[in-house]
Amino acid sequence: MSMNKITLADIWKKLAPPDKNNYLGWRIASILTAGLITLALMLTAFFVYNNIYNTLANACSIINLNSELGMDIVDMDNFYKTAGIIDAKKKLTPIPPTVRNIFTYYSTPSSTTKI
């Protein structure tokens, strides 16, 4: 029976990381797995938001609206006043013909210049 001698070089070969190309498939698989897990988490969050959170928010809105139903008395004098102000605001005012044209400049001589 012969004994195999285990050298330090043999141990180092077993513990040393292998070449980068040996794990290329595993790297791609891990990236794809991480991407799929992220996508699944995003879809789960979207589902929870649409089907649970929005439903609860809409239900709370409906409950609040149902509890605050009531008739408000409208002050008709203020309504007609406001309607008149809005109508007056919508009417165009005519531009008078004596408005100064700001795009033309008339030069007038000063008192120190000779004509």
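Because the structure is predicted, anything quoted here is derived from the model rather than measured.

(A) Quick look at the overall build of the protein chain. Along the protein chain, the regular secondary structure elements total three helices and zero strands. Listed by position from the N terminus, the elements making up the protein chain come as α-α-α. With 115 residues in all, the protein chain has 0% of them scored as buried.

(B) Region of interest: the packing of aromatic side chains. As enumerated under the stated definition, the model contains two aromatic pairs in all. Look at tyrosine 49 and tyrosine 53: their rings are 5.5 Å apart centre to centre, the planes differ by 20°, and that puts the pair in the stacked class. Taken together, the positions of tyrosine 49 and tyrosine 53, both in helix H2 (residues 24-67) and four residues apart, correspond to about one turn of that helix. For tyrosine 53, a relative accessible area of 52% corresponds to the exposed category. Taking the centre distance of 5.6 Å and the plane angle of 65° together, the rings of phenylalanine 79 and tyrosine 80 count as edge-to-face. The exposure class of tyrosine 80 is exposed, given its relative accessible area of 55%.

(C) Spatial organisation of the confidence of the model for the protein chain. Summary statistics for the protein chain give a mean pLDDT of 81 and a share of 83% for residues scoring 70 or more. Averaged pLDDT values over the elements of the protein chain bottom out at 73 in helix H1 (residues 8-15) and peak at 93 in helix H3 (residues 76-90).

(D) The arrangement of a nonpolar patch on the surface in detail. On the surface, Phe47, Val48, Ile52 and Leu56 cluster together into a nonpolar patch covering about 380 Å² of accessible area. Within the element layout of this structure, phenylalanine 47 appears in helix H2. In this structure phenylalanine 47 comes out as partly exposed when scored by relative accessible area, which is 48%.

(E) Quick peek at H2. With 44 residues, H2 should cover 64 Å at 1.5 Å per step; its first-to-last C-alpha distance of 63 Å lies within 8% of that length. Tyrosine 49 marks where H2 bends most, by close to 35°.

Procedures and definitions
- Residues numbered from 1 in each chain as written.
- Predicted model: local features only at pLDDT ≥ 70, side-chain atom pairs only at ≥ 80, totals over all residues.
- Heavy atoms only, no water.
- Helix = DSSP H or I, 4+ residues; strand = E, 2+ residues; numbered from the N terminus.
- Buried < 20%, exposed > 50% of the residue type's maximum accessible area, 1.4 Å probe, protein only.
- Phe/Tyr/Trp six-rings, centres within 6.5 Å; stacked < 30°, edge-to-face > 60°.
- pLDDT = per-residue confidence, 0-100.
- Patch = residues over 30% accessible without salt bridge, like charges linked within 9 Å, V, L, I, M, F, W, Y side chains within 5 Å.
- Areas by Shrake-Rupley, 256 points an atom, 1.4 Å probe, with all protein chains shown as cover.
- Salt bridge = Lys/Arg side-chain N within 4 Å of Asp/Glu carboxyl O.
- Expected span 1.5 Å × (residues − 1).
- Bend = angle between axes of the 7 residues up to and from the residue.

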